[in-house]
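Residue strings, one per chain:
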Amino acid sequence: MSLHAEITHRLGTLDLQVELDVQPGEVVALLGPNGSGKTTLLRCLAGLCPIDAGRIELNGVALDEPSSGTLRAPETREIGFVFQDYTLFRQMTVLENVAFGLRARGMRAAEARRMATAWIDRVGLMDYARQRPPALSGGQAQRVALARALVTSPSMLLLDEPLAALDAGTRATVRRDLRRHLATFDGVALLVTHDPVDAYALADRVAILDAGRIVQTGTLADVTAHPRSRYVADLVGVNLVAGDVLEGVLTTPAGVRVIVADAPAGPAFAVIRPHSIALNRDVDAHSSVRNSWVGTIAEVDRLGDRARVGIVGTLALTAEITTAALDALHLQLGDEINATVKATDIDVYPA
Amino acid sequence: MNARRSGSTFPAPAKALAAIAVAFFSLPLIGLLWRAPWSHAAEYVTDDASLTALKLSLICSVWATALSIVFGVPLAWLLARVKFPGRRFVRALCTLSMVLPPVVGGVALFFALGRRGIVGQYLDRWFDFRLPFTTAGVVVAQTFVAMPFLVVTVEAALRQLDGRLEDASRTLGASSWYTFRRVTLPAIRPALAAGAVLAWARALGEFGATITFAGNFPGTTQTLPLSVYLALDTNPEQAIVLALVLIAVSFAVLIGLRDRWFAGGEGEAPRVLL
């Protein structure tokens, strides 16, 4: 049970162009900023948005292939979809909600009830089987939505921000339960999320989606160690500089020079960790092993005994220094500052 | 809602205007009650002609409501969900009879479904079936003016409905027809009920289109509003009593149905209020 998808789909300002393969039993988290096309991608896979070009293939069967005129309606795909706010049917009981997919596929009422009850038991909601959705808490509703999606034994499970609507306390519990269910699920699972914590806990692999493209894929540890997009860099809290390396110097498209220690020539990314950046008021100091960029302080955030200082100028950077250093330097918004980084503290890897 | 609290934020001029509006609607009723010949009321009501007219009114208006639901719900769905060129034009066309003088509607129906009408002539020739001046004609005239009320109400509800409920149903393996029956229809039930009651009330009070298209024959086409109008000439006292009967029936249904169908329970979906 594997998924192979090549998707081209335009929707308003979104231009989605994605190639994605997911193996049976694998859970892939789609991470990305708002409007990057995560939900649209799920909807394409579910058949709720027919694709413009490409091919979606599940277990070797084409679901959507415009070039051959193949398009299977959502109800004929073996999928389970958990929507962001669960979209439970309010006028039905929990039991009827969970049994819905079985009944819709023509299963007899008694058998459908038996299977639905087994799933309600599995998600620990036997006491609520006769309740209607308005009587459920967010976490309970999420579990009903999951049971409803899984009861039909789908080949592919699609989860759109399954934890986003929950409060912090419930989130951890529901995340743990969801992890357990995903571990026993042998189909293809795709999970849209904003939260790297969810991706870390639930997914085997993450795919970073930005402006309709998958910009990076791999384990969360790989992806965060070598960010390849502004989004991931912000997520991890590091500065990311893209440019071309030549003879130990990375030059950005804007012409800013970053001295890097022995890096191979060619297009590359450089990661500058905020705590590797030193700040001083001597704006004329220069060195061959240290980078130094003059900038203006645009933002200061104090977090306990650390402070994050946002600098704009030749290179936009975020530096992290101790609050003691911050106070010693008497840094104010709008002050000119020299930010220095040792070349050996910069991570460089090919783009 | 707490009446005292809502009252405290309600500005005095608006209160006065609202009071005038209430008076505007209640005074005519009070006038009727004041002039009603209470000592003879029972005789007028149980009069054979009155009972016949009342019965005919109820039967025809229920039929008109049923037809409005059967054809109006799919029409509302088409207008709300299917994008096609000229949709605005079709919507205007199908709700025109809300704003048209009913007499004009009756005349128009005559030219469409009358014995010499564009469709009516074939009904007559091929099936020996005539609508004008029959009870079925009354139902057609009432449906013509009443259905738009249901269509407008149901279309609004369909537009407000979260489309992802239907998406969820499809991903669970439900065909579009199963989705419509099990998901869409239950979700719009309050609006459907409201629209049906509006349509029914409009059908019950229908006068102009009925008298133009179906005529005024006691027992077959003379509904209660028609007999009220007729009685005004011959026996004004009876007209008042029949008018009160019409008012009482409508009032009872509006109040009764509102409580049963429209008052939402705790935690229920937002209901469309009449």
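Residues numbered from 1 in each chain as written. Chains lettered and ligands numbered in written order. Predicted model: local features only at pLDDT ≥ 70, side-chain atom pairs only at ≥ 80, totals over all residues.

Asker: Before we move on, can you summarise the overall build of chain A with the specific residues and values?
Answerer: Helices and strands together make up the secondary structure of chain A, namely nine helices and 21 strands. With the C-alpha coordinates of chain A rotated into their principal frame, the extents come out at 80 × 50 × 35 Å. Put simply, chain A has 351 residues, and 39% of those count as buried. At a minimum sequence separation of 6, the contacts of chain A that also span at least 24 residues come to 62%. (Helix = DSSP H or I, 4+ residues; strand = E, 2+ residues; numbered from the N terminus. Buried ≥ 20, exposed ≤ 12 C-beta atoms within 10 Å, placed from the backbone. Contact = placed C-beta atoms within 7 Å.)

Asker: Describe the environment of A:G37, with residues and values.
Answerer: All names here are of chain A. For G37, the position within the fold is in the loop between β3 (27-31) and α1 (38-46). Here G37 falls in the buried class, since 27 other C-beta atoms lie within 10 Å of it. It is 25 Å that separates the C-alpha atoms of G37 and R148, two residues lying 111 residues apart in sequence. Not counting residues within four places of it along the chain, the set of residues in contact with G37 comprises L14, L16, L209 and G212.

Asker: Give me the lowdown on the domain arrangement of chain B, citing residues and values where you can.
Answerer: According to the domain assignment, chain B consists of domain 1 (1-35) and domain 2 (41-262). Its C-alpha centre places domain 1 of chain B at a distance of 30 Å from the equivalent point of domain 2 of chain B. (Domains from an automatic or database assignment.)

Asker: Give me the lowdown on the sheet that holds strand β12 (residues 239-246) of chain A, citing residues and values where you can.
Answerer: Residues and elements named next belong to chain A. Taken together, the five strands give an open sheet; going across it, the order is β14-β13-β12-β15-β21, and neighbouring strands pair in antiparallel fashion. Only two strands of the sheet have a single neighbouring strand rather than two, namely β14 (257-259) and β21 (347-350). Each adjacent strand pair in this sheet contributes to an overall mean axis angle of 40°, direction not counted. One ladder, built from three bridges, connects strand β13 (residues 249-251) with β14; its direction is antiparallel. Note on β14: the bridge partner recorded for T251 is R257. (Pairing = 2+ DSSP bridges. Axes fitted to C-alpha atoms, helices over the stretch in contact; angles between N-to-C directions.)

Asker: Break down unusual backbone geometry for me, citing the residues and quoting the values.
Answerer: Residue and element names in this part refer to chain A. Phi at Y86 takes a positive value of approximately 75°, unusual for a residue other than glycine. Position of Y86 relative to the elements: it lies in the loop between β7 (79-82) and α2 (94-104). We note that A211 has phi near 50°; this positive angle belongs to a residue other than glycine. Along the chain, A211 turns up in the loop between β10 (205-210) and β11 (213-218). A count of 17 C-beta atoms within 10 Å places A211 in the partly exposed class.

Asker: Could you give an account of the interface of chain B and chain A, naming the residues involved and the relevant values?
Answerer: At the interface, 17 residues of chain B touch 19 residues of chain A. Elements with a contribution of two residues or more to the side of chain B that touches chain A: α9 (163-171) and α10 (176-187) of chain B. At six residues, the largest contribution of residues to the side of chain B that touches chain A is made by α9(B).

Asker: So what's going on with the pairing of strand β15 (residues 266-272) of chain A? Residues and values would help.
Answerer: All names here are of chain A. As paired elements, β12 and β15 share seven bridges and run antiparallel to each other. Each residue of the ladder has a partner; that of G243, found in β15, is A268. Relative to β21, β15 is paired through four bridges, and the arrangement is antiparallel. Across the sheet, the residue bridging to A270 is V348, located in β21.

Asker: Would you mind going over the pairing of strand β4 (residues 53-58) of chain A in detail, with residue names and values included?
Answerer: Residues and elements named next belong to chain A. Note: strand β1 (residues 3-11) against β4, six bridges, orientation antiparallel. Bridging across to β4, L3 finds its partner in L58. Of the pairings in the sheet, the one linking β4 to strand β5 (residues 61-65) comprises three bridges and is antiparallel in character. Among the inter-strand pairings, I56 is bridged to a residue of β5, identified as D64. With antiparallel pairing between neighbouring strands as the criterion, β4 and β5 make up a hairpin whose turn holds two residues, including N59 at a positive phi of roughly 55°.

Asker: A description of the sheet that holds strand β20 (residues 336-342) of chain A should follow, citing residues and the corresponding values.
Answerer: All names here are of chain A. The five strands lie next to each other as β16-β20-β17-β18-β19, forming an open sheet whose pairing is antiparallel. On the outer flanks of this sheet lie β16 (278-280) and β19 (317-322), each paired with one strand and no other. With direction set aside, neighbouring strand axes in the sheet form an average angle of 45°. As paired strands, strand β18 (residues 306-313) and β19 are joined by six bridges and run antiparallel to one another. In the sheet register, I311 faces β19, and the bridge partner there is L317.

Asker: So what's going on with the confidence of the model for chain B? Which residues, and what values?
Answerer: Regions with low pLDDT should not have their predicted coordinates read in detail. All names here are of chain B. Taken as a whole, chain B shows an average pLDDT of 85; of its residues, 91% reach a score of 70 or greater. Highest mean pLDDT in chain B belongs to helix α8 (residues 135-160) (94); lowest belongs to helix α1 (residues 3-8) (54). Low pLDDT, under 50, characterises residues 263-274; the predicted model gives this stretch 17 contacts beyond four residues in sequence or across chains. Model confidence for the complex is summarised by a pTM of 0.79, with the ipTM given as 0.81. (pLDDT = per-residue confidence, 0-100.)

Asker: Summarise the packing of helix α4 (residues 138-150) of chain A against helix α5 (residues 168-184) of chain A; cite the residues concerned and give the values.
Answerer: Residue and element names in this part refer to chain A. The contact between α4 and α5 brings their axes to 10 Å, and the two run at 15°. As far as their axial angle goes, α5 and α4 are roughly parallel. The hand of the α4/α5 crossing is right-handed. Residues G138, G139, Q142, R143, L146 and L150 of α4 form the contact with α5, whose own contacting residues are T170, T173, V174, D177, L178 and H181. (Parallel < 35°, antiparallel > 145°, perpendicular 65-115°, else oblique. Left-handed = near helix turned anticlockwise from the far one by under 90°.)

Asker: Describe the environment of B:T143, and please don't skip the residues or the numbers.
Answerer: Residues and elements named next belong to chain B. Turning to its location among the elements, T143 is positioned in helix α8. Classification of T143 as buried rests on a count of 26 C-beta atoms within 10 Å. Taking the C-alpha atoms as reference points, T143 and R130, 13 residues apart in sequence, are found 17 Å from one another. Each residue touching T143, except ones within four places of it in the same chain, is listed here: A64, L67 and S68.

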